[in-house]
Amino acid sequence: FFFSSRRRHTRFLPVSWARRCVQETGINAEYMGIKDQLSQDMETEHLSQVPIYKICLTGGPCAGKTSALNYLTEKLTQLGYRVFTVLETPTMTVVGGGLIILSKFTEERLVKFETALMKVQIALEDYFINLAEIGNEPSVILFDRGVIDPVAYLNQDNWQYILDSQGWNVVNLRDNRY
């Protein structure tokens, strides 16, 4: 899981919320990247701004992402958060009738497909972030997979080509988005 909050000036998850999430879900805090060293002022950020938290779930098939999404949605709603869920683009593609068999693609088509997929995923994520900002209430955005998940289907040269051709880098796609 990747956690972050968006309050215009910081991207940290308040420690109190992280501890509550860890206690209720049994998630290992070290795995989440949450550290007890977060200073007290991060926990008591400017309360006049509405928090927007982001949680990105990644993992292979049958890893429990859907179960975790459902559980987190229920618990976070009970805690008073407005919860948004950004579905992964490949699922929307298949549901929309675009069953894609990647093994039948040439390398050129695979790169083209994965680039388009990532662009759509970024647009969907940005759309839901904007919805949360417009809503002006404490919100959590759950992401079913991250924008860099296609790296699992590409060799290093094709992955680097996509990054270079789009002006992207791994740090921005992985760490700064979530």
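An account of the accompanying structure is given in this report. (Residues numbered from 1 in each chain as written. Predicted model: local features only at pLDDT ≥ 70, side-chain atom pairs only at ≥ 80, totals over all residues. Heavy atoms only, no water.)

1. Considerations on the overall build of the chain
For the chain, the count of helices and strands is eight helices and four strands. Of the regular secondary structure in the chain, the N- to C-terminal order runs β-α-α-α-β-α-β-α-α-β-α-α. Expressed as a percentage of its 178 residues, the buried residues of the chain come to 39%. Long-range pairs, those at least 24 residues apart, make up 79% of the contacts in the chain between residues at least 6 apart in sequence. If you sum the accessible surface of the chain, you get close to 10200 Å²; carbon and sulfur atoms cover 54% of it. (Helix = DSSP H or I, 4+ residues; strand = E, 2+ residues; numbered from the N terminus. Buried < 20%, exposed > 50% of the residue type's maximum accessible area, 1.4 Å probe, protein only. Contact = heavy atoms within 4.5 Å. Areas by Shrake-Rupley, 256 points an atom, 1.4 Å probe, with all protein chains shown as cover.)

2. A short note on the environment of Y53
Within the element layout of this structure, Y53 appears in strand β2 (residues 52-57). Between the C-alpha atom of Y53 and that of V83, which follows or precedes it by 30 residues, the distance is 9.5 Å.

3. Here we look at the packing of helix α6 (residues 107-135) against helix α7 (residues 156-166)
Relative orientation of the contacting elements α6 and α7 amounts to 50°, with a least axis distance of 10 Å. Comparing their axes, α7 and α6 come out oblique. For the element pair α6 and α7, the recorded crossing hand is right-handed. Counting all contacts with α6, which are made through E107, V111, E114, T115, M118 and K119, the residues of α7 involved are N158, W159, Y161, I162 and Q166. Considered class by class, the residues forming the contact of α6 with α7 number five nonpolar, three polar and three charged. (Axes fitted to C-alpha atoms, helices over the stretch in contact; angles between N-to-C directions. Parallel < 35°, antiparallel > 145°, perpendicular 65-115°, else oblique. Left-handed = near helix turned anticlockwise from the far one by under 90°. Nonpolar A, V, L, I, M, F, W, Y, C, P; charged D, E, K, R; others polar.)

4. Remarks on α7
For α7, every residue scored as buried is listed here: N158, W159, I162 and L163. The buried residues of α7 all sit within an arc of 140° when viewed along its axis, so they share a single face. In α7, those exposed residues whose orientation departs by more than 90 degrees from the buried face are Q156, D157, Y161 and D164. Along its buried surface, α7 packs onto α6 and α8 (170-176). Of the residues that open α7, the one with a side-chain oxygen 3.1 Å from the backbone nitrogen of D157 is N155. Among the residues trailing α7, G167 stands out with phi positive, at a value near 70°. (Arc of directions from axis to C-beta. Polar contact = N/O pair within 3.5 Å; in protein donor to acceptor, adjacent residues only side chain to side chain.)

5. Regarding the environment of S139
Here S139 is to be found in strand β4 (residues 139-144). In this structure the C-alpha to C-alpha distance between S139 and G80, which are 59 residues apart in sequence, comes to 8.6 Å. With residues up to four places along the chain from it excluded, the contact list for S139 reads P51, I52, Y53, Y81, R82, F84 and A132. Looking at S139, its side chain comes within polar contact range of the main-chain oxygen of E137, at 2.7 Å.

What is shown is where atoms sit, not what they do.
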